[in-house]
Amino acid sequence: MHLEQYDRIRARIAAEGLTPEIETRVAIFVCASKAVNLPFLALAGAGMPTLWPGAAAGAGANAAGLVWQHLNTQLFRESEALTLLCRVTRWSSDPVVYAGSAPLVAPLYAECAFVGFTTRPRAGQTLGADALALGHALLATVRLTPILPAEEAQNPFAVALSRIEQENGRLLQTQIRLLKDGYPSVPPAELEAIIAAKVALVERAFDKFLDSLAR
C-alpha cells in the first residue's frame, strides 16, 4: 500500500544516512502512536467482560485473569518501546523539525482525546472496543522498517525500530483476539465499523507522514 513511499524514503536514507533529522521525525511519529495507545489499554480493560464467550463458569477467574495479563503485558511493552526509542534517537536541534512534525501527529492525539473524553458517556463495551480498535489500527499500520536500507541494519536506531516492530506483531495477534472475542454485547456490524473507522484515520495520518518524509 505504501510501497512507492517506502522506496523513496529508503533511497533518501541510503543517500543521506540516518540523520538526526530523519531519526527525530520518525521517532516523533512512532512515539505518538505509542503514547496515544497507553491510556486506551486501561479503557479497553474497563469494558472487557469477565468471561470470554464460550468459557465455562468455573474458568471465569482464569479467563478474566488472562485478559488482564494480556492488557498489562501490552501496557508495559508499549511503555518499553516508547522509552527505548526516546533513548536511542539522536534528537535534532532544529526547531523546524518539531514544528513540521506537530501537524502530522495531531490527528492521533485528537483521536485520543475524542475517544478518551468526548465519548466517555458511551462507557462500557463500546468504549472499550473504540479504545482497543485504535490500538489495533496503530499496531497494524505504523510500519517503518521498510524504509531502512540494508547498509543501516546495524545502526542503533534501526535496531531499535526493528525490535519494536517485531514486538508489535506479537501484540497485534493478541489485540485481534481481544477485539474478536472480548465485546459480545457490541453488534458485529458496529464492531466492524469501529475498526474500519480507526484504520482509516490512522492510514490517513501515516500516509501524510510518509509523504513528508519522502520529499
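Preceding block: the structure.
> Where do I start with the nonpolar core in this structure?
Across soluble globular proteins, nonpolar side chains have a tendency to be buried as a group. Counting 40 residues, the largest nonpolar core has V26, L108, L144, I147 and F209 as its most contacted members. For this core, the elements supplying multiple residues, two or more each, are α1 (3–16), α2 (20–35), α4 (60–88), α5 (95–118), α6 (125–141), α7 (156–181) and α8 (188–214). In this structure L108 touches F29, A32, S33, V36, L138, L201, V202 and A205, once residues within four positions along its chain are discounted. By size, the runner-up hydrophobic cluster in this structure holds ten residues, among which are A129, L179, V186 and I194.

> Is there a simple way to explain the pattern of salt bridges in this structure?
Opposite charge on two side chains permits pairing when their charged atoms draw close. One pass over the structure, following the stated rule, counts ten salt bridges. Between D7 and R10 there is a salt bridge, with the nearest N and O atoms lying 2.4 Å from each other. Within this pair, D7 and its partner R10 are both found in helix α1, separated by three residues, close to a single helical turn. A salt bridge links R12 to E21; the nearest nitrogen and oxygen atoms lie 3.2 Å apart. Take E21: its relative accessible area is 28%, and that puts it in the partly exposed class. Sharing partners across several salt bridges, the network here consists of R12, E16, E21 and R25.

> Hey, could you run me through α2 in this one?
The α-helix advances 3.6 residues per turn, and as a result positions three or four apart in sequence lie on the same side. The end-to-end C-alpha separation of α2 is 21 Å, in line with the 22 Å expected for 16 residues at 1.5 Å each. α2 sits mainly inside the fold: 13 of its 16 residues count as buried.

> How should the side chain of T141 be read in this particular structure?
Mapping T141 onto the fold places it in helix α6. Judged by relative accessible area, which is 7%, T141 ranks as buried. From its side chain, T141 meets the backbone oxygen of A137 in a polar contact 2.8 Å long.

> Explain the packing of α2 against α8 here, please?
Helix packing for two helices is described by the angle between their axes and how far apart those axes are. Between α2 and α8, the shortest axis-to-axis distance is 11 Å and the interhelical angle comes to 175°. Taken together, the axes of α2 and α8 lie roughly antiparallel to each other. Only A205, F206, F209, S212 and L213 of α8 make contact with α2, whose side of the interface consists of R25, V26 and F29. Considering only residue class, the contact of α2 with α8 consists of six nonpolar, one polar and one charged.

> Hey, could you run me through empty space enclosed by the protein in this one?
If a probe as big as a water molecule is rolled over the atoms, it shows which places are left empty. Applying the stated criterion across every chain yields a total of one cavity of 30 Å³ or more. By volume, the largest cavity is sized at about 80 Å³. In this structure, the largest cavity is lined by 13 residues; those nearest its centre are V30, S33, K34, V142 and N168. Mapped by element, the contributors of at least two residues to the lining of the largest cavity are α2, α6 and α7. Among the elements that line the lining of the largest cavity, the one with the most residues is α7, at four residues. Partitioned by chemical class, the residues of the lining of the largest cavity number six nonpolar, four polar and three charged.

> Which parts of the structure should I look at to understand the side chain of N155?
Looking at where N155 falls in the secondary structure, it is placed in the loop between α6 and α7. The exposure class of N155 is buried, given its relative accessible area of 16%. Those residues in contact with N155 that sit more than four places away from it in its chain are L18 and E23.

Conventions used here
- Residues numbered from 1 in each chain as written.
- Predicted model: local features only at pLDDT ≥ 70, side-chain atom pairs only at ≥ 80, totals over all residues.
- Heavy atoms only, no water.
- Core = buried A, V, L, I, M, F, W, Y, C linked by side-chain atoms within 4.5 Å.
- Buried < 20%, exposed > 50% of the residue type's maximum accessible area, 1.4 Å probe, protein only.
- Helix = DSSP H or I, 4+ residues; strand = E, 2+ residues; numbered from the N terminus.
- Contact = heavy atoms within 4.5 Å.
- Salt bridge = Lys/Arg side-chain N within 4 Å of Asp/Glu carboxyl O.
- Expected span 1.5 Å × (residues − 1).
- Polar contact = N/O pair within 3.5 Å; in protein donor to acceptor, adjacent residues only side chain to side chain.
- Axes fitted to C-alpha atoms, helices over the stretch in contact; angles between N-to-C directions.
- Parallel < 35°, antiparallel > 145°, perpendicular 65-115°, else oblique.
- Nonpolar A, V, L, I, M, F, W, Y, C, P; charged D, E, K, R; others polar.
- 1 Å grid on protein atoms, 1.4 Å probe; cavity = no way out; pocket = protein on both sides within 12 Å on 5 of 7 lines; lining within 4 Å.
- Points joined across faces, edges and corners; volume = space filled by probe spheres on them.

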